[in-house]
Amino acid sequence: MITPSEFKRLYKIIEVQLRYGLDDFLPEDPRTKMPKMARKSLFWIKNQHPDKSLGERLRLALQELGPVWIKFGQMMSTRRDLFPPHIADQLALLQDQVEPFDGNLAKEHMELSLGGPIETWFDDFDETPLASASIAQVHTATLKENGREVVLKVIRPDILPVIQADIKLMYRMAHIVARLLPEARLLRPVEVVREYEKTLLDELNMMREAANSIQLRRNFEDSDTLYVPEMFTDYSSTNLLVMERIYGIQVSDIDALIANGTNMKLLSENAVNIFFTQVFRDSFFHADMHPGNIFVSYENPETPQWIALDCGIVGTLNRDDKRYLAENLLAFFHRDYRKVAELHVDSGWVPQDTNIDEFEFAIRTVCEPIFEKPLCDISFGHVLLNLFNTARRFDMEVQPQLMLLQKTLLYVEGLGRQLYPQLDLWITAKPFLEDWMSRQVGPQAIVEAVKSKAPFWAEKLPELPELLYDSLRQGKVMNQRIDKLYDNFMESRRSQGLARFYFGIGATLVVCSAILFSNHVETIPVASAAMGVTFWLLGWRACRK
Ligand SMILES: Nc1ncnc2c1ncn2[C@@H]1O[C@H](COP(=O)(O)OP(=O)(O)OP(=O)(O)O)[C@@H](O)[C@H]1O
């Protein structure tokens, strides 16, 4: 049942969508006649922006609907496998333009999380926010404990009910769209909303962000190329995150980077290196790379260091994912599309009965034009995207972690080339792929495997004679049991055979006696019936053995 407040919000959503003429997304189809008629008769709101493109109207409508929808649009912009470029490009322009909320209210909420007045633990708390985003607001302060400069990131008050209400409506709309337009089912609207809900709810948990940041910081502890600020978990909770304050140049501020004398070539190469290190060495990568989250340190501009904030969304990969990625990219690199197709079948990513020739041909068709360009102009992200889309046609279930990776890769490439247009991604990435592959197969892989299993075997070695004796003894007992079971089985088979024989004779005698009896023969039928019953009794006894 829809509540009055849900109804009001739903009306607002429909009203905004109509004002921006988003009903133009509905195709000309008999099934969409009803909603179109309803739009004309019940909602007489006109498209007030006919001069703008559909993509732009969608972006403006989402912006007006607020943070939940803005973030939704931002997420959609990365699903280039689902949306045409002119829509995805517009969605990528969505920016959080969120009014900050009252600093005093932020302080109250922080104190609620901390369990006491802010002055107990912090000095110089600044009520004017340093930054304000859709989910959280950031304030600066100094830690009393050690005088370190920190920021306090607090979740917007009352954001959860707003998110829950809007997500509920999104589900309703996704179900309607899926029912109304079978073609839209390919976009899997309900699944998309489910994925979004999970991402959004994860982002609301500051402890999750803290845990991810701690992991990323540990992975790059001694790195000169990436810095992750320290988290102060003693003061943090699900609603509040306290972390070291960083000073850096926002990555989108190219002029400031140049003015600081940054080595742009090295900076862009490091971005690719860091990404592939996260993927292939750590299997753990920052997956929310947008300009608000990436900074460059002012220090040492000749050997610049990246700073990563906001690890709310991270991706993880298992061994199979990495193997898939490395082998496919290398096979692509050698333009060996047959290998790519075979890899997909061998690893079970597409069904075993897939026609390899057709699959190879499909991959060749989409990829060969890409390789017409010089290698340095080719985008890994687009190669992967084309591969996923082709494989999907051959029933490959695309894994969300790979989509997240593809999206991040696309972003890293874009960023790298924006900073240094001559960046050659293949040259930077190839050693990572080849090194990883050589560690998975070949002599080094065997040595690694033996090395990793050695402590286990060393621990088990003293127990080996005892285990051997036990297993031999168990084997003997098992053999005896099996022999006994076999004897019992043969005995039972013999008895069943005998019983069937007795029942057969008994039945024959009884039938004969009935025939003789009907022909008025007197003594013989009685004797025959008695013998028949006796044989049945014998059969019954044999059956019970
Ligand atoms: N440790 C920090 N030191 C300095 N500034 C910070 C720090 N953490 C966050 N900020 C500032 O606050 C802004 C918002 O932070 P953050 O991206 O973590 O918030 P968010 O609510 O998760 O935003 P979004 O969801 O849009 O990514 C950053 O762009 C940055 O300007």
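Small disclaimer: the values here were computed from a predicted structure and weren't measured. (Residues numbered from 1 in each chain as written. Predicted model: local features only at pLDDT ≥ 70, side-chain atom pairs only at ≥ 80, totals over all residues. Heavy atoms only, no water.)

S.K.: Explain the site of the ligand to me, please; I cannot follow it from the model alone.
M.R.: Neighbouring residues of the ligand: 20 residues in total, closest Lys 153, His 290, Gly 292, Asn 293 and Asp 310. Between the ligand and the protein, one listed contact pairs an oxygen atom with a side-chain N or O atom of Lys 153 at 2.6 Å. For the ligand, a nitrogen atom lies 2.9 Å from a polar atom in the backbone of Glu 244. Broken down by secondary-structure element, the contributors of at least two residues to the shell around the ligand are strand S3 (136-143), strand S4 (149-155) and strand S6 (240-244). (Near = heavy atom within 4 Å. Polar contact = N/O pair within 3.5 Å; in protein donor to acceptor, adjacent residues only side chain to side chain. Helix = DSSP H or I, 4+ residues; strand = E, 2+ residues; numbered from the N terminus.)

S.K.: Sorry, what's going on with the pattern of salt bridges here?
M.R.: Pairs may arise between side chains of opposite charge once their charged atoms sit close together. Inspection of every chain in the model, using the stated rule, returns 23 salt bridges. Glu 342 is the salt-bridge partner of Arg 338, the closest N and O atoms lying 3.5 Å from each other. Here Arg 338 pairs with Glu 342, and both are found in helix H13 (residues 337-346), just 4 residues apart, close to one helical turn. Among the residues examined, Arg 338 registers a relative accessible area of 31% and is labelled partly exposed. (Salt bridge = Lys/Arg side-chain N within 4 Å of Asp/Glu carboxyl O. Buried < 20%, exposed > 50% of the residue type's maximum accessible area, 1.4 Å probe, protein only.)

S.K.: Any chance you could explain a nonpolar patch on the surface here in plain terms?
M.R.: A cluster of nonpolar side chains, namely Phe 503, Val 533, Trp 536, Leu 537 and Trp 540, defines an oily patch on the protein surface of about 490 Å² accessible area. Inspection of the secondary structure puts Phe 503 in helix H19 (residues 464-518). (Patch = residues over 30% accessible without salt bridge, like charges linked within 9 Å, V, L, I, M, F, W, Y side chains within 5 Å. Areas by Shrake-Rupley, 256 points an atom, 1.4 Å probe, with all protein chains shown as cover.)

S.K.: Could you clarify how one ought to interpret the UniProt feature "active site" in the chain in this entry?
M.R.: As annotated in UniProt, the feature "active site" corresponds to Asp 288 in the numbering used here. Of the residues examined, Asp 288 reaches a relative accessible area of 11% and is grouped as buried. Excluding residues that lie within four positions of it along the chain, Asp 288 makes contacts with Glu 203, Asn 293, Asp 310 and Ile 313. (UniProt positions renumbered as here; feature names shortened; annotations may be inferred. Contact = heavy atoms within 4.5 Å.)

S.K.: Would you mind showing me how to read unusual backbone geometry here?
M.R.: It is generally the case that most residues other than glycine have a negative phi and that most peptide bonds are trans. A positive phi angle is found at Asp 124, which is not glycine, with a value near 50°. Looking at where Asp 124 falls in the secondary structure, it is placed in the loop between strand S1 (122-123) and strand S2 (131-132). Looking at Asp 124, the relative accessible area reads 59%, which means it is exposed. Even without a glycine there, the phi angle at Asp 158 is positive, about 60°. Within the secondary structure, Asp 158 sits in the loop between S4 and helix H7 (159-180).

S.K.: Can you help me understand the sheet that holds strand S7 (residues 248-250) in this one?
M.R.: What the 4 strands build is an open sheet, ordered S5-S10-S9-S7; its pairing is mixed. Bordering the open sheet on either side are strand S5 (226-227) and S7, each of which pairs with just one other strand. Where strand S9 (residues 294-297) and strand S10 (residues 306-308) come together, 3 bridges link them in antiparallel fashion. Opposite Val 296, over in S10, you have Trp 306 as the bridge partner. (Pairing = 2+ DSSP bridges.)

S.K.: Before we go on, may I ask you to explain a negative patch on the surface in this structure?
M.R.: A contiguous patch of negative charge on the surface is contributed by Asp 102, Glu 108, Asp 126 and Glu 127. Tracing the backbone through its elements, the reader meets Asp 102 in the loop between helix H5 (85-91) and helix H6 (103-114). (Lys, Arg positive; Asp, Glu negative; His and termini not counted. Charge placed at Lys NZ, Arg CZ, Asp CG, Glu CD.)

S.K.: Please clarify how the environment of Asn 239 should be interpreted in this entry.
M.R.: Along the chain, the position of Asn 239 falls in the loop between S5 and S6. On the basis of relative accessible area, Asn 239 is assigned to the partly exposed category, the value being 39%. Between the alpha carbons of Asn 239 and Leu 112 there is a distance of 9.5 Å; along the sequence they are 127 residues apart. Here Asn 239 is in contact with Ser 113, Lys 153, Val 154, Ile 155 and Met 206, once residues within four sequence places are set aside.

S.K.: I tried to follow the domain arrangement of the chain on my own but got confused; where do I start?
M.R.: Interfaces are frequently sized by the accessible area removed from exposure as the parts join. According to the domain assignment, the chain contains domain 1 (1-96), domain 2 (98-245), domain 3 (315-448) and domain 4 (482-544). Of note, the centres of domain 2 and domain 3, computed from C-alpha atoms alone, are 33 Å apart. (Domains from an automatic or database assignment.)

S.K.: Can you help me understand the packing of H13 against helix H14 (residues 356-367) in this one?
M.R.: Each pair of packed helices gets described by two things: the angle between the helix axes and the distance between those axes. For the pair H13 and H14, interaxial distance at closest approach is 8 Å and the crossing angle is 125°. Classed by the angle they form, the pair H13 and H14 counts as oblique. In the packing of H13 onto H14, the handedness of the crossing is right-handed. The residues of H14 that touch H13, namely those facing Tyr 337, Arg 338, Val 340, Ala 341, Glu 342, His 344 and Val 345, are Ile 356, Asp 357, Phe 359, Glu 360, Ile 363, Arg 364 and Cys 367. Broken down by class, the residue content of the contact of H13 with H14 amounts to 8 nonpolar, 1 polar and 5 charged. (Axes fitted to C-alpha atoms, helices over the stretch in contact; angles between N-to-C directions. Parallel < 35°, antiparallel > 145°, perpendicular 65-115°, else oblique. Left-handed = near helix turned anticlockwise from the far one by under 90°. Nonpolar A, V, L, I, M, F, W, Y, C, P; charged D, E, K, R; others polar.)

S.K.: Explain helix H8 (residues 189-203) to me, please; I cannot follow it from the model alone.
M.R.: Three- or four-residue spacings in an α-helix give side chains the same orientation, since the helix completes a turn every 3.6 residues. For H8, which comprises 15 residues, the first-to-last C-alpha distance of 21 Å matches the rise-based estimate of 21 Å (1.5 Å per residue) to within 8%. When we look at burial in H8, the residues that qualify are Pro 189, Val 190, Val 192, Val 193, Tyr 196, Leu 200, Asp 202 and Glu 203. Elements that come into contact with the buried residues of H8 comprise helix H4 (67-77), S4, H7 and helix H9 (206-219). (Expected span 1.5 Å × (residues − 1).)

S.K.: How do you make sense of the side chain of Thr 354 when you look at a structure like this?
M.R.: Inspection of the secondary structure assignment puts Thr 354 in the loop between H13 and H14. Of note is the side chain of Thr 354, whose polar atom sits 2.5 Å from the backbone oxygen of Pro 351. If near-sequence neighbours (up to four positions away) are discounted, Thr 354 is found in contact with Val 345, Phe 359 and Phe 394.

S.K.: How should the environment of Arg 59 be read in this particular structure?
M.R.: With respect to the helices, strands and loops of the structure, Arg 59 is situated in helix H3 (residues 54-65). Residue class for Arg 59 comes out buried when judged on its relative accessible area of 15%. Along the sequence, Arg 59 and Trp 69 sit 10 residues apart, while their C-alpha atoms lie 9.7 Å from each other.

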